[in-house]
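Notes for the structure review
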Amino acid sequence: MKKLIIFVTLPLMLIVGAGMGAVMFGLIPGFDPLGAKRKHMMGGGDSAPKEEPYLNEAPPPYAATDPNSVVFQLEEFVINLQTERRYPVFMLLSLALELKDPGAQARVAALEPRIRDAVIIYASSFSQDDLNGFDGINRIRDGVWVRLRDIIPKEDLLNVQVMKMTIK
């Protein structure tokens, strides 16, 4: 009888105890039996980070604007697109940035060389076929939005508008 306790029951109790410990400490990914209760008991409350709107795509072009906002129009870009032809393919791109206030306009004007560099590097990675039609304009707009949010303070940049996009 003592052998039964030592060789069967004791290892079984150790395995069950280790499993319960792993569950309680959250060592099993995707398995949370206590769920939100554990967060509140540990004082975490609602600690989930709030998702930032318009993280990977620009706000819609028709989005409502703030009455204090200003529009900062960048000089036209001339960008060489990728091509397998013998002659180059150019894109003429004109952008307008919707900014929070006139103070933001002064800050963004100082960043214009970095903005131009980021837009040219991004847009030159496309071919003419990548940028045809409505989807091409949205691809440029969303990509420029993401890159400009890395350069311009997020609270200053409200929207990006494509004023003109011509491929020749």
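The rules behind these values
Residues numbered from 1 in each chain as written. Predicted model: local features only at pLDDT ≥ 70, side-chain atom pairs only at ≥ 80, totals over all residues. Heavy atoms only, no water. Core = buried A, V, L, I, M, F, W, Y, C linked by side-chain atoms within 4.5 Å. Buried < 20%, exposed > 50% of the residue type's maximum accessible area, 1.4 Å probe, protein only. Helix = DSSP H or I, 4+ residues; strand = E, 2+ residues; numbered from the N terminus. Contact = heavy atoms within 4.5 Å. Axes fitted to C-alpha atoms, helices over the stretch in contact; angles between N-to-C directions. Nonpolar A, V, L, I, M, F, W, Y, C, P; charged D, E, K, R; others polar. Salt bridge = Lys/Arg side-chain N within 4 Å of Asp/Glu carboxyl O. Pairing = 2+ DSSP bridges. Parallel < 35°, antiparallel > 145°, perpendicular 65-115°, else oblique. Left-handed = near helix turned anticlockwise from the far one by under 90°. Lys, Arg positive; Asp, Glu negative; His and termini not counted.

**Some remarks on the nonpolar core**
Nonpolar side chains in soluble globular proteins tend to end up buried together. In this structure, Met91, Leu93, Leu97, Ile115, Ile140 and Ile152 are the most contacted members of the largest nonpolar core, which totals 32 residues. If you list the elements that add at least two residues to this core, you get β1 (70-73), β2 (77-81), β3 (89-99), α3 (102-110), α4 (112-123), α5 (133-151) and β4 (157-167). In terms of residue count, the dominant contributor to this core is β3 (six residues). Each residue touching Ile152, except ones within four places of it in the same chain, is listed here: Leu97, Val108, Leu111, Ile115 and Leu157.

**As for the packing of α3 against α4**
Look at α3 against α4: their axes get within 4 Å of each other, and the N-to-C directions meet at 65 degrees. On α4, the residues touching Val108, Ala109 and Ala110 of α3 are Glu112, Pro113 and Ile115. The residue makeup of the contact of α3 with α4, split by class, is five nonpolar, no polar and one charged.

**A look at the pattern of salt bridges**
Under the criterion given, the structure shown has three salt bridges. Lys164 is the salt-bridge partner of Glu76, the closest N and O atoms lying 2.8 Å from each other. With Glu76 in the loop between β1 and β2 and Lys164 in strand β4, this pair connects stretches of sequence that are 88 residues apart. Its relative accessible area of 33% is what places Glu76 among the partly exposed residues. The class for Lys164 is partly exposed, based on a relative accessible area of 39%. The residue Asp156 makes a salt bridge to Lys100 at a minimum N-O spacing of 3.9 Å. Taken together, the residues Asp156 in the loop between α5 and β4 and Lys100 in the loop between β3 and α3 connect sequence positions 56 residues apart. Salt bridges sharing partners connect three or more residues here, namely Lys100, Arg107 and Asp156.

**Concerning the pairing of β2**
Put simply, side chains in a regular strand alternate between the two faces of the sheet. By the alternation rule, side chains of β2 split into Phe77, Ile79 and Leu81, which are all buried, and Val78 and Asn80, of which none is buried. Looking at chain direction, β2 and β3 are connected through five bridges and run antiparallel. Following the sheet pairing, Ile79 is matched in β3 by Met91.

**What to know about the packing of α4 against α5**
Their axes nearest at 10 Å, the elements α4 and α5 cross at an angle of 140 degrees. Considered as vectors, α4 and α5 are oriented oblique to each other. For the crossing formed where α4 meets α5, the hand is right-handed. Counting all contacts with α4, which are made through Arg114, Ile115, Ala118, Val119, Tyr122 and Ala123, the residues of α5 involved are Arg139, Ile140, Gly143, Val144, Arg147, Leu148 and Ile151. A per-class count over the contact of α4 with α5 returns nine nonpolar, one polar and three charged.

**Some points on the side chain of Arg141**
Relative to the elements of secondary structure, Arg141 occurs in helix α5. The buried charged residue Arg141 lacks any salt bridge partner; its closest oppositely charged side chain belongs to Asp142, at an N-O distance of 4.3 Å. Those residues in contact with Arg141, other than ones at most four positions away along the chain, are Ala58, Pro59, Pro60, Pro61, Asn159, Val160, Gln161 and Val162.

**Comments concerning the environment of Ala22**
In this structure, Ala22 sits in helix α1 (residues 2-24). By relative accessible area, which is 17% here, Ala22 ends up buried.

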